[in-house]
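Listed below are the residues making up each chain.
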Amino acid sequence: MEKSNDQSRMDRIVSLAKRRGFIFQSSEIYGGLNGFWDYGPLGVALKRNLKDAWWHDMVAGHDELAAPAGAPEAYEMAGLDCTIIMHPQVWKCSGHFDLFHDWMIDCRESKRRYRYDHLSGRFALHRGKRVFVVTDASGDEAQPALTAKAQKFFGLRAKQIEEIEWDGGLTGLSAAVAAGATTLAEVLGPDASEPGTLTDPREFNLMFETRIGALAGDDDDRAFLRPETAQGIFMNFKNVLDTSRVRVPFGIAQIGKSFRNEITPRNFTFRSREFEQMEIEFFCKPGDSAAWYRYWRDRRWKWYLDLGLTEGKLQLREHDKDELSHYSVGTADIEYAFPFLAPGEFGELEGIAHRGDFDLRSHMEGKLVRQDGALVLEMGPDGKPRHKGSGKDLSYFDDITRERYVPHVIEPSAGADRAVLAFLCDAYHEDEVPDEDGKPRSRTVLKLHPRLAPLKAAILPLVKKDGMPEVAIDLYRALKRHMPCMYDEKGSVGRRYARQDEAGTPWCLTVDGQTLTDQTVTLRDRDSLVQTRVPIAEVVDLLTDRL
Ligand code: GAP
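Residues numbered from 1 in each chain as written. Predicted model: local features only at pLDDT ≥ 70, side-chain atom pairs only at ≥ 80, totals over all residues. Heavy atoms only, no water.

Q: How should I be thinking about the environment of Q519 in this particular structure?
A: Counting through the fold element by element, Q519 comes out in the loop between α14 (513-518) and β28 (520-525). For Q519, a relative accessible area of 48% gives the class partly exposed. Considering only alpha carbons, one finds Q519 and L225, 294 residues apart in sequence, at a separation of 57 Å. When sequence neighbours within four positions are dropped, the list of residues in contact with Q519 reads Q514, V534, P535 and I536. (Helix = DSSP H or I, 4+ residues; strand = E, 2+ residues; numbered from the N terminus. Buried < 20%, exposed > 50% of the residue type's maximum accessible area, 1.4 Å probe, protein only. Contact = heavy atoms within 4.5 Å.)

Here it is as structure tokens:
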């Protein structure tokens, strides 16, 4: 099947990520583990820089004395680091135990498993035979996949493809079945040779389960790896309030691992089973929550732009009413046009949700459900609460206005791995630069924002003699105290520039013959390729300023 331009670009990004030590498949020497990824030397630096930028901009560097642009008033931010395994009741009251599932479907013939909502298909007809052909490919890869399947099923040669008649457009399988347009008996699965091999769809909870303790066995020992970091924040709402003198409005931020047993992890790190989230739960007065929602939505959008993501590849999408989570009053997604998606399609980078008082109330009262527009305690068949809350008072008392209320929550929830992937894809460029002899040479360059770049500078002696390495090493040691940088004397200077371009290093400093006479070095800018001479004594201040 021919690959779209963007898909082959994605393949080149994945290949660079592996070749240059950004991202490796987990346990690769044993064949890898689907949905799990490791970050190599450059990748770990990139991801750490991204998380540090988020933590600095949202928490550590936040000025709590002044209202930032667009904010209704000044506010405080606090940090937190909670455990991955929490009391199982957390997930029962939050709704994850009952509701955090996807529908999966199995193929009896190929033994493959698919997400029901990822399958789509069309009716194909040939000489009186009619079959609903299904694929798990999406975007512009879907129709070629359907054609190849139908050709094989009808036993046609390539030149007979035109004889296949297609009835109706591409439709989601679940929608087609629900509408009665087809039944699973006449569906030809993505990897099946005959129709009717797909099982009925089944619910599959995405939480990874584990057992606590050496004698684990009965149901009381069942625990879950957290599928989001958010709940740890709600667990500690009262602790933070009681110990840090914060006042509503304030936010609690956390960066940490989350785990989801995704049925079909795919698209490199985009949908992984183990990933990191950067989440804020922002607690505010109910009457002010709509204004705070707008503030966080716009603030988070701007954050991606400030770090250099191309605005034209980003989209801010407000959810339709029927798309909202069971708890949400309003949600907007910040989405990016990842190259593995079809033109016009976007993938979620971050969700900003107005969660009302759902979370704090759930952990006080028990699992809530929406009934006639209101959140009420869900009752079990025995007339008791289906999942009992903690019974602890998580309301807030404002000692200035003398009001007591359950704060509303605005939640900007970002994925660190998805953000790294978006920044990698956005930074990836192929262009031509003149080589040492002035001839055009194609290069691959990662135009990462200097704050995100794994290395900020490389120090290169033009040749390995005439005292140049000594000067370069001194400069490397002086700069290394201020920022990550590397010393490289191997190969031609052109090859060394190329290596740094691929790693996303914004500046190269070359020590050459002139350095020995006038104490200046060449500063090469990765993106503009402009080379300027800078006194060695000014390099540290200059690059620190630029950072
Ligand atoms: N607390 C709300 C929450 O977890 P979510 O939309 O399910 O909301 C938030 O997840 C973010 O976490 C997503 O926007 C995405 O960036 C990231 N994320 C979610 N599932 C992921 C997965 N399987 N692999 C990588 N990142 C994921």
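Anyway, onward from the coordinates.
Q: Honestly, the sheet that holds strand β27 (residues 507-511) in this entry has me stumped. Any pointers?
A: Sheet strands pair by backbone hydrogen bonding; their relative direction is either parallel or antiparallel. With respect to topology, five strands assemble into an open sheet ordered β26-β25-β27-β28-β29, the strand pairing being mixed. Both edges of this open sheet fall to β26 (485-487) and β29 (531-535), since each of them pairs with a single strand only. In this sheet, adjacent strand axes meet at a mean angle of 25° when their direction is disregarded. Taken together, the four bridges between β27 and β28 define a ladder with antiparallel strand orientation. Note that in β28 the partner of T510 across the bridge is T522. (Pairing = 2+ DSSP bridges. Axes fitted to C-alpha atoms, helices over the stretch in contact; angles between N-to-C directions.)

Q: Would you take a moment to explain the side chain of R300 for this structure?
A: Within the secondary structure, R300 is located in helix α9 (residues 289-306). Residue R300 is classed as buried on the basis of its relative accessible area, which comes to 0%. Reaching out from R300, the side chain makes a polar contact with the side chain of E350 at a distance of 2.8 Å. Once residues lying within four places of it in the same chain are set aside, the contact partners of R300 are W54, M58, I334, E350, I352, P412 and A414. (Polar contact = N/O pair within 3.5 Å; in protein donor to acceptor, adjacent residues only side chain to side chain.)

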